[in-house]
Amino acid sequence: MELTHKQKEDIGLAFVLDRLSPLSPLGREKKRALEPYAREERGALERELENLDRAVALGDHPALNRFRQGLMQLRDIRATADRLNERSLDQVELFELKRYLLLLSELAAAFRILEAQARWEGLSLRDVSQALAVLDPEGERNPTFSLRASWSEELAAVRAEKAGIEKRIAQTSGEEREGLLTRRTGIVAREAAAEQALCEDLTRRLRPWQPAIAESLEALGRLDLLFAKAALVRELGGRKPTLTEKELSFVNMVHPAVADRLRRQGARFTPLSLSLSPGAAVLTGANMGGKSVCLKTLALNIYLTHCGLFPFAQRAAVPFFDQLCLIRGEGEDGREGLSSFGGELMAADGAARAVREGFCLVLFDEFARGTNPAEAQRFQQGAFSYFDRSGSVCLFVTHYEAVAARARRRFLTRGIRDMDLAEGRRRIEAGADKLAVLRSCMDYGIEEVTAADLPQRALAVAELLGVEGELLSAIRAEYRAEYRPEYRPEYIPGED
Amino acid sequence: MLFDLIAPYTTVCLAGMCKNAGKTTALNALIRGARERGVSLALTSIGRDGEREDLITGTYKPPIYVTGGTLFATARELLQRCDATYEVLSLTGVYTPLGEVAILRALSDGFVELAGPSMTEQIVALTEEMEGFGAQKVLIDGALFRRSLCAPEAAEGVILATGASYGPNMQKTAEDTAFVARLLTLPEGGPWPDLQGRRFGRGDLYDELSDALEGTGEALYVAGAFTDAMASALLRRRTIPHQVHVEDGTRLLLSRESYEKLAARGVSFRVRRRNELVAVTVNPFSAYGTPYDPAAFYELVKSRVAVPVVNVLEKTIWN
């Protein structure tokens, strides 16, 4: 499942990822590498979602807080760990390793407590205390490092000699001091050689633990990301989805970015519920009634689930999709030299191929809307037939009744209620903000309907938006002129 | 006794008028002073001096000789030039072209080469970390004055080193040293008003300044550096503010001539934070040419500055 950068932007992925905050460089690297699981990794995805659920259940367990505090001190020492196999480490590298092993032993202790409660699958963190013992044979757990004279007889001897001459240097001056400094140079060279030999010896004794150390670094990156996901669930919500074979359903799904924007405007996101099966369904409804938001919300939550994150819904059942295909006129990535229509065609082409190779979720947002309506209808009908037979799950946002008529399942954004419309008009006359009134008259919820006929609400929207009076009259005149039995405007403003 | 002069300060920066002004000699004297008084010392530098020529021939030794117990900060790759036995205490997360800056504790006496961070906030963080490791005093090798600044946030006290290497004219060396000393001891100007966030340098400096000064003209507050170009733009105006305020003395990137011309027009300078100039050290020997007469140079500088003057080559400095 791949999305272009533009598509990720379009579905509002950044809002979620910006709030996913691992605490260590290793966790941040895992976050950067976050991508949808491939079909052959389905088992791993299921395990990840289950593990995340168990991590969320830990709440603010004190051991979890301790673990996360430890992660903040974690540095990426993979290069140093790798060098264990290549050459002798120097003192600073040994220091890095010792400090890491001390931190690891604390993290592993906290992990054991968490693990006993969460019982994660396939997650482990092993303390490498034998390696720590090489660098801290006295067991002092002091977070600094030096090559101790007591670890090497040769080093002890040369350091004693060095200390003796340095004491004399401190007590003399002039030429005598210069002479002593020259003698000291020879001793310093022997000390360096003894230190080098000791570094080589320590490295050799650490080398067998290299795989365990590398493994622990990998595990810490994974745990950091897992706990960051759990923190995200606590901040933004989200529930563990169930993975299904073919059926998709969401109960009270939300889009966190849109919900956040609405909240700041004093409004509320209307949760969306829908279920889809293989084949094509349609989603229709009034302009500005939330069809595109519904599509984005669906796409975002499907994508998040496939990345091992929780979707934002009270309940979610999600099949494993090989591909998520978004066909949106204005949302397309404007490949060189292609108009919006051309971009849509390329996207539709990609989707047509994808459904032949795998099980996909295909979302069409008013396919071919940029071309003339008679042709657009044919394109939509054709696409509908093709994708309906594809075996993949497809949803068409459309304004064409002829397309809706072909669908076995139809969803409708509820739109403007008649009752609210009268109230809305009164409020606009009283000088209220038109967009706010429109929003309050709109029911953004969706429901499954049986009838294929579509509510005609464009005029009502135009009126509430306060389109210039003569223009509105002229449009209204066209409604009267073209009044046909199959074209049943429920409401023509000014005629009730 | 140089060390006694810095007794009141926890952080002291050593700034030099030029290379070979005697900064390192002063630093070594302070290290010995700390040893004698049992004061635990930490050393860092602001960035690092450029490569020395003698590095190529391989005869080079770092000039700073520390006492066992001293803390020091240096870049990882420079550790091979340090011959004191050491303990690694910390890696700071500050990176230099020669690797990350590490904090070490010398376990023996020996030569070390310093390379610390160059941004003020990093220096402050490093200083605090070193104090956390038990340092009672932090000395900051300020490299060359003006090119590497020693802001008051980073160091409470400043020692200014000057010497014959500055130039052949002893009189000029003394006057320029006195000028720098004056910049470092400008009076504090009290709290700043809310600055309008106006930025200069996008068009003609003179027009911009005139624009900004219209109607007011009492005081000019400069958030960044106050330069010669700004001084000459001010001097072209008929009316001129009475005061110029800068963050601290290191922000006045001003020649003595400009400073004096402004002073002659009645402009005085104020700083938000003041450096404490602890002492001026003088080195009559030049690395490049004729030495000055030691006594005459000492007396000349002493007559120009209001703080203690110490001759770095005299024995008195050592005890």
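Residues numbered from 1 in each chain as written. Chains lettered and ligands numbered in written order. Predicted model: local features only at pLDDT ≥ 70, side-chain atom pairs only at ≥ 80, totals over all residues. Heavy atoms only, no water.

### Let's talk about a nonpolar patch on the surface
Here is step 1: Nonpolar side chains collect at one region of the surface, where Met288(A), Leu435(A) and Leu465(A) lie side by side and expose about 250 Å² of accessible area between them.
Here is step 2: With respect to the helices and strands, Leu465(A) occurs in the loop between helix H19 (458–464) and helix H20 (469–481). (Patch = residues over 30% accessible without salt bridge, like charges linked within 9 Å, V, L, I, M, F, W, Y side chains within 5 Å. Areas by Shrake-Rupley, 256 points an atom, 1.4 Å probe, with all protein chains shown as cover. Salt bridge = Lys/Arg side-chain N within 4 Å of Asp/Glu carboxyl O. Helix = DSSP H or I, 4+ residues; strand = E, 2+ residues; numbered from the N terminus.)

### What about the environment of Gln210(A)?
All names here are of chain A.
Here is step 1: Tracing the backbone through its elements, the reader meets Gln210 in helix H11 (residues 210–236).
Here is step 2: Given a relative accessible area of 9%, Gln210 falls into the buried group.
Here is step 3: Separated by 30 residues in sequence, Gln210 and Lys240 have C-alpha atoms that sit 36 Å apart.
Here is step 4: Here Gln210 is in contact with Ala81, Asp82, Leu84 and Asn85, once residues within four sequence places are set aside.
Here is step 5: Within the local environment of Gln210, its side chain forms a polar contact with the backbone oxygen of Ala81, the two atoms lying 3.3 Å apart. (Buried < 20%, exposed > 50% of the residue type's maximum accessible area, 1.4 Å probe, protein only. Contact = heavy atoms within 4.5 Å. Polar contact = N/O pair within 3.5 Å; in protein donor to acceptor, adjacent residues only side chain to side chain.)

### What about the domain arrangement of chain B?
Many authors give the size of an interface as the accessible area that is lost as the parts come together.
Residues and elements named next belong to chain B.
Here is step 1: Each domain of chain B was delimited in the assignment, giving domain 1 (2–187 + 275–318) and domain 2 (205–271).
Here is step 2: Counting residues at the interface gives 15 residues for domain 1 and eleven residues for domain 2.
Here is step 3: The interface formed by domain 1 and domain 2 holds one salt bridge in total.
Here is step 4: The salt bridge partner of Arg256 is Asp176, with a shortest N-O separation of 2.6 Å.
Here is step 5: If you look at where domain 1 meets domain 2, you find two residue pairs in polar contact (both at pLDDT 80 or more).
Here is step 6: Classifying every residue of the side of domain 1 that touches domain 2 by side-chain character gives eight nonpolar, one polar and six charged. (Domains from an automatic or database assignment. Nonpolar A, V, L, I, M, F, W, Y, C, P; charged D, E, K, R; others polar.)

### Remarks on the side chain of Ser105(A)
Here is step 1: As for its placement among the helices and strands, Ser105(A) is situated in helix H7 (residues 91–118).
Here is step 2: Apart from the residues within four sequence positions on either side, Ser105(A) is in contact with Asp127(A) and Arg141(A).

### Focus on H11(A)
Here is step 1: In this model, H11(A) (27 residues) spans 39 Å end to end at C-alpha, consistent with the 39 Å of a helix rising 1.5 Å per residue.
Here is step 2: Among the residues trailing H11(A), Gly237(A) stands out with phi positive, at a value near 90°. (Expected span 1.5 Å × (residues − 1).)

### Some thoughts on the sheet that holds strand S14 (residues 268–271) of chain B
Residues and elements named next belong to chain B.
Here is step 1: Spatially, three strands are ordered S10-S12-S14 in an open sheet, and the strand pairing comes out parallel. Where the open sheet ends on each side, the last strands, each with one partner, are strand S10 (219–222) and S14. Neighbour-to-neighbour, the strand axes of the sheet open up by a mean angle of 20°, direction not taken into account.
Here is step 2: Bridge count for S10 against strand S12 (residues 243–246) is four bridges, and the pairing is parallel. What sits directly across from Tyr221, in S12, is His245. (Pairing = 2+ DSSP bridges. Axes fitted to C-alpha atoms, helices over the stretch in contact; angles between N-to-C directions.)

### So, the interface of chain A and chain B
Here is step 1: Chain A puts 24 residues into the contact, and the matching count from chain B is 23 residues.
Here is step 2: With both sides pooled, the region where chain A packs onto chain B buries about 1,800 Å², and carbon together with sulfur makes up 48% of that total.
Here is step 3: It is Arg75(A), Val92(A) and Arg184(A) in chain A that bury the most area against chain B; as a group they hold 26% of the surface buried on that side.
Here is step 4: Summed over the shared surface of chain A and chain B, the result is three salt bridges.
Here is step 5: Measuring nitrogen to oxygen at the nearest pair gives 2.8 Å for the salt bridge that ties Arg75(A) to Glu100(B).
Here is step 6: There are eleven residue pairs in polar contact (both at pLDDT 80 or more) connecting chain A and chain B.
Here is step 7: For the side of chain A that touches chain B, the elements supplying multiple residues, two or more each, are H7, helix H9 (153–171) and helix H10 (174–206) of chain A.
Here is step 8: A total of seven residues in the side of chain A that touches chain B trace back to one element, the largest contributor, which is H10(A). (Buried area = accessible area lost by both parts, 1.4 Å probe.)

### Details of the nonpolar core
Here is step 1: One finds Phe67(A), Leu101(A), Trp120(A), Leu125(A), Ile213(A), Leu43(B) and Phe72(B) to be the most contacted residues of the largest nonpolar core, which totals 101 residues.
Here is step 2: The element that contributes the greatest number of residues to this core is H7(A), accounting for 15 residues.
Here is step 3: Those residues in contact with Trp120(A), other than ones at most four positions away along the chain, are Asn51(A), Arg54(A), Ala55(A), Leu58(A), Phe111(A), Leu114(A), Glu115(A), Leu226(A) and Phe227(A).
Here is step 4: Judged by nonpolar contacts, the second largest core, of 47 residues, contains Leu3(A), Cys294(A), Ala299(A) and Phe411(A). (Core = buried A, V, L, I, M, F, W, Y, C linked by side-chain atoms within 4.5 Å.)

### Observations concerning the sheet that holds strand S4 (residues 279–285) of chain A
Residues and elements named next belong to chain A.
Here is step 1: Taken in spatial order, the six strands make up an open sheet running S6-S7-S8-S4-S9-S10, and their pairing is mixed. Of all strands in the sheet, those bounded by a partner on one side alone are strand S6 (323–328) and strand S10 (442–449). Neighbour to neighbour, the strand axes of the sheet diverge by 15° on average, direction disregarded.

### Digging into the pattern of salt bridges
Here is step 1: Scanning the entire structure with this criterion turns up 44 salt bridges over all chains.
Here is step 2: Residues Arg54(A) and Glu50(A) are paired through a salt bridge, measuring 2.8 Å at the closest nitrogen-oxygen approach. In this pair, Arg54(A) and Glu50(A) are both assigned in helix H4 (residues 42–57), four residues apart and thus about one turn of the helix distant.
Here is step 3: Residues Asp141(B) and Lys23(B) are paired through a salt bridge, measuring 2.5 Å at the closest nitrogen-oxygen approach. Here Lys23(B) lies in helix H2 (residues 23–37) and Asp141(B) lies in strand S8 (residues 137–144), a separation of 118 residues in the sequence.
Here is step 4: For Lys23(B), a relative accessible area of 9% corresponds to the buried category.
Here is step 5: The structure contains a network of salt bridges with shared partners spanning Arg159(A), Lys162(A), Glu166(A), Arg184(A), Glu191(A), Glu195(A) and Asp83(B).

### With respect to the packing of aromatic side chains
Here is step 1: A full pass over the atoms with the stated rule returns 16 aromatic pairs over all chains.
Here is step 2: Considering the side-chain rings of Phe67(A) and Phe227(A), the 5.3 Å spacing of their centres and the 85° angle between planes classify their relative orientation as edge-to-face. One end of the pair, Phe67(A), is in helix H5 (residues 62–73); the other, Phe227(A), is in helix H11, and 160 residues separate them in sequence. Both residues of the pair, Phe67(A) and Phe227(A), belong to the buried class.
Here is step 3: Note on Trp120(A) and Phe227(A): the rings are 5.7 Å apart at their centroids and 50° apart in plane angle, and the pair reads as tilted. Within this pair, whereas Trp120(A) is found in the loop between H7 and helix H8 (129–135), its partner Phe227(A) is found in helix H11, the two being separated by 107 residues in sequence. Across the pair, exposure class does not vary: Trp120(A) and Phe227(A) are buried alike.
Here is step 4: By way of ring pairs, the aromatic residues Phe364(A), Phe367(A), Phe379(A), Phe384(A), Tyr386(A), Phe387(A) and Phe396(A) are connected into one cluster.
Here is step 5: One residue, Arg177(A), lies across the ring of Tyr65(B), its end atom 5.5 Å from the ring centre.
Here is step 6: Cation over ring: Lys246(A) sits above Phe359(A), and NZ or CZ is 4.2 Å from the ring centre. (Phe/Tyr/Trp six-rings, centres within 6.5 Å; stacked < 30°, edge-to-face > 60°. Lys NZ or Arg CZ within 6 Å of the ring centre and 35° of its normal.)

### What about the side chain of Gln91(A)?
Here is step 1: Its place among the elements puts Gln91(A) in helix H7.
Here is step 2: In contact with Gln91(A), not counting residues within four places along its chain, are Phe145(A), Ser146(A), Leu147(A), Glu195(A), Cys199(A), Tyr86(B) and Val88(B).

### What about the pairing of strand S15 (residues 276–283) of chain B?
Moving residue by residue along a regular strand, the side chains alternate between the two faces of the sheet.
All names here are of chain B.
Here is step 1: Where burial is concerned, most of S15 is hidden: seven out of the eight residues are buried.
Here is step 2: Here seven bridges tie strand S9 (residues 157–163) to S15, and the two strands are oriented parallel to one another. Looking at S15, one finds that Gly157 is bridged to Glu276.
Here is step 3: Where S15 and strand S16 (residues 309–311) come together, three bridges link them in parallel fashion. Paired with Val280 across the strands is Val309, a residue of S16.
Here is step 4: Handedness of the crossover joining S15 and S16 through helix H9 (residues 294–304): right-handed. (Right-handed = clockwise from strand over helix to strand, strands pointing away.)

### Quick notes on the pairing of strand S6 (residues 99–106) of chain B
All names here are of chain B.
Here is step 1: Buried residues dominate S6, accounting for seven of its eight residues.
Here is step 2: Two strands pair when backbone bridges link them, and strand S4 (residues 71–75) and S6 are joined in this way by five bridges, in the antiparallel orientation. Bridging across to S6, Phe72 finds its partner in Leu104.
Here is step 3: Sheet analysis places strand S5 (residues 86–96) next to S6, joined by seven bridges and oriented antiparallel. Of the residues in S6, the one forming a bridge with Ser90 is Ile103.
Here is step 4: Two successive antiparallel strands, S5 and S6, enclose a turn made up of two residues.

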